[in-house]
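# Geometric and topological summary
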Amino acid sequence: MIKAAELLFKAPKADNPTILLMIDRNELEDQMLKNLAALGLGNLEHASSIRTLNKLLRDDYRGIIVTMIHKFRDMPANLNTRSNIYVLIDEAHRTTGGDLGNFLMAGLPNASYIGFTGTPVDKTAYGKGTFKTFGCEDDKGYLHKYSIADSIEDGTTLPLYYNLAPNEMLVPHETLDREFLSLAEAEGVADIEELNKILERAVNLKNFLKGEERIRKVAEFAAAHYRENVEPLGYKAFLVGIDREACAHYKHALDQFLPSEYSEVVYTGSNNDSRLLKEFHLDPKKKRQIRKRFCKLDQQPKILIVTKKLLTGFDAPVLYAMYLDKPMRDHTLLQAIARVNRPYENEAQEMVKPHGFVLDFVGIFDKLEKALAFDSEEVNAIVKDLKLLKVLFENKMESKAPEYLGLIERNFNDKDVDTLIEHFRDPERRKEFFKEYKEIEMLYEIISPDAFLRPFIAPYGHWPSIKGEPENKFGQHYKNTSFNSVPREGISAELIDWLLIRNQEVPEDDFQLYRDLLRIPNDLPSLRNYYSQMSMVDEGVGGVLSALRQTGQMENTLIIYTSDHGMSLGEHGFWGHGEDTWPSNTHREANNIPLIVKAPGASGKGRVDDRLVGTTDIFATVMDYIGADIPDASHKSARSLREIIEDRETDWDNAVFMEQEGTRAIRTREWLFMKRFGPTSFNFGPELYDLTDDPGERSNVADDPAFQATVETLSGRIDEFFSTHSNPKWNLWEGGIVKSNSTRPFLWKEAWGEDWKPGF
């Protein structure tokens, strides 16, 4: 408006015009005057009263006049009939409505009217709307248009994404449509006051939204969403209730799930308010303080609970999420959700706000084209389903990640490092890589937690629980540790082949499950986190041992310290274990586990025994020490370790057997052999490692003709072992089921038919 006024004021063809700048709020009036003064424009007047405005126009004042629409009340007709009067109207979709607009146009019958609005009312067919008042020959109805899509492209606003809350929290469709969306009065609602009048009559709708149990559920859901999705990003949120009473109830409910200082209620109080409403009355100073603190990243509150105030004209770039529990439409909806589309950057915190987000608890966004009465292209530019972020993430993982992963061909050895250094010598390549990485990382954080991401965290299992800096007391202990002993290898070429085969071979219904190429690096912060958590385990074990000593039970206790599996920390290009590195691997790092035993009465220095034992042997060992027999011992694979523990002579078969769904394996002193389930389209073939010449298990010789006799012998031993010791009911390889949910059910359905299903 100011720029248009300046151009008109200085244009020779305007012939010394009168320009009225009409705004709709007092605070904007003061701001407008200051901005105009800063431009150094002469001939500037402030029509602060009806009398002043009438006098300026009657006296044929030439220049710029700043005023408000209510100053035209009772203005005489034909007060000034000049044609070079230009009226520039802010918020034109509502400012000229009613009798005040009639006074204005009667008083200045030959003036030109230029309306400015971000939310035009397109209701010409009903004899009203912005285009009826400010229409022109252009078939689009605009003299000039700067769309939301333009502003997003320029970076002055951000795209908006939405998601619907669970169905049980959404307003029933028929109630929402009957009491809100279909109301004629709701067409072209221009401000929050008109909206609230409509909602006052929506009795059933309000009763549903304000139900005590529902408010508790919504508060719990919003609190969890904030904690899991918004707070980790560092941003803040609005919770929008249908009215002030709902806001008060939401504050009480939210305090059950979040610290009370996290949230504040902001609404305008009245002397006639109930005790509940008066509980959250704020004086003007406190309101200003809350607004100011909310706009700062490192200060409370983190969530503002509002219903009317702050839904228009309040800019807080740190505001990222809106929990919408108030039915809105058209301009009120657009203006409200626009609170979250302001850009925000913080270099110190490495934060760049990607977009705004709305979580809809009403169901408005389920009928978006009806709720936003704008051109459909405009609607699509304004808000998009969060599902599109998943598509974007997936596309990036498929189109961007392979380019960088292809640079690693040799398990991240020195030659790979040289290749990477040479590739990223170009600063533009480095810049592009960091840009893509940060975008993927941000998308991951925004979508998480979500089952959609499960395939993308392979082959790096356990990432969510250890990602980032440690938050326990042992974190400082590892703060400066470099972990040079951890290999931190790149993704193996073999694993990439598996992934590519998987993408080609997976049936269409399961295709989504395995479209993954996320390569989260096993970075130092996460390694420190992992090891600090291991220190927490050690501390717990120490506490148990201390209690045994203090109670005098140490000498009477059999102590076994072990775990259920190992953990690959980059070896062989894996991060994780078991099915996280599908097809499962049985490499030493993922399966060798601590087994430390102290027998009752044992004292003195311990010793190390290198015989191969398995966790199934622990059961037989405990039974032996307590003097109990193992039922059906001849059919059990468990072997008591007592003779080994007590260093007595024993005839011990140095072999252990392992199984993880589609992988079975045998390890002897000389060999590691992995046998895959087959034949199926997922059969990735066996693996054989010569542990004498290849103790690092780097060279798979299963297909080497020189080792075929060994393959046949070890394969036969695996078949014999599982045939002897497997319960047919649970033997997957022979058509059985599993006692828990299978991570690869489609594999077994392909083998045993569509009727196959897990045990539970």
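Residues numbered from 1 in each chain as written. Predicted model: local features only at pLDDT ≥ 70, side-chain atom pairs only at ≥ 80, totals over all residues. Heavy atoms only, no water.

### A short note on the overall build of the protein chain
Check the secondary structure of the protein chain and you find 28 helices and 22 strands. Buried residues in the protein chain amount to 46% of all 760 residues. Long-range contacts, defined here as pairs at least 24 residues apart, represent 68% of the contacts in the protein chain between residues at least 6 apart. (Helix = DSSP H or I, 4+ residues; strand = E, 2+ residues; numbered from the N terminus. Buried < 20%, exposed > 50% of the residue type's maximum accessible area, 1.4 Å probe, protein only. Contact = heavy atoms within 4.5 Å.)

### Here we look at the nonpolar core
Within the largest apolar cluster, 40 residues are counted, with the highest numbers of intra-cluster contacts made by Phe180, Phe238, Leu304, Leu311, Met322 and Met328. The next biggest cluster of nonpolar side chains, apart from the first, holds 37 residues, and it includes Leu170, Tyr323, Met351 and Leu359. (Core = buried A, V, L, I, M, F, W, Y, C linked by side-chain atoms within 4.5 Å.)

### Some remarks on helix H25 (residues 616-625)
Those residues of H25 lying buried are Asp617, Ile618, Ala620, Thr621, Met623 and Tyr625. Where H25 is buried, its residues touch strand S15 (559-561) and helix H26 (642-645). Where H25 terminates, the next one or two residues include glycine 627, which has phi positive at roughly 80°.

### Here's the deal with the confidence of the model for the protein chain
Do not read the fine detail of predicted coordinates wherever pLDDT is low. Per-residue pLDDT for the protein chain has a mean of 80; in total, 79% of the residues score no lower than 70. Highest mean pLDDT in the protein chain belongs to strand S22 (residues 687-690) (96); lowest belongs to helix H22 (residues 493-505) (51). Note on residues 458-464: pLDDT under 50 across the span, and 34 contacts to partners over four residues away in sequence or across chains. Scored below 50 in pLDDT, residues 501-521 shows 57 contacts in the model against residues more than four places distant or in partner chains. (pLDDT = per-residue confidence, 0-100.)

### Regarding the side chain of glutamate 687
With respect to the helices and strands, the residue glutamate 687 is situated in strand S22. Classification of glutamate 687 as buried rests on a relative accessible area of 2%.

### Let's talk about the sheet that holds S22
The four strands are arranged S19-S20-S21-S22 in an open sheet whose pairing can be described as antiparallel. Every other strand in the sheet has two partners, leaving strand S19 (655-660) and S22 as the edge strands with one partner each. Taking the axes of each pair of neighbouring strands and ignoring which way they run, one obtains an average angle of 10° across the sheet. Looking at chain direction, S19 and strand S20 (residues 663-668) are connected through six bridges and run antiparallel. Paired with valine 656 across the strands is arginine 667, a residue of S20. Across the sheet, helix H27 (residues 708-725) touches S19, S20, strand S21 (671-676) and S22, and the angle it forms with S21 is around 65°. (Pairing = 2+ DSSP bridges. Axes fitted to C-alpha atoms, helices over the stretch in contact; angles between N-to-C directions.)

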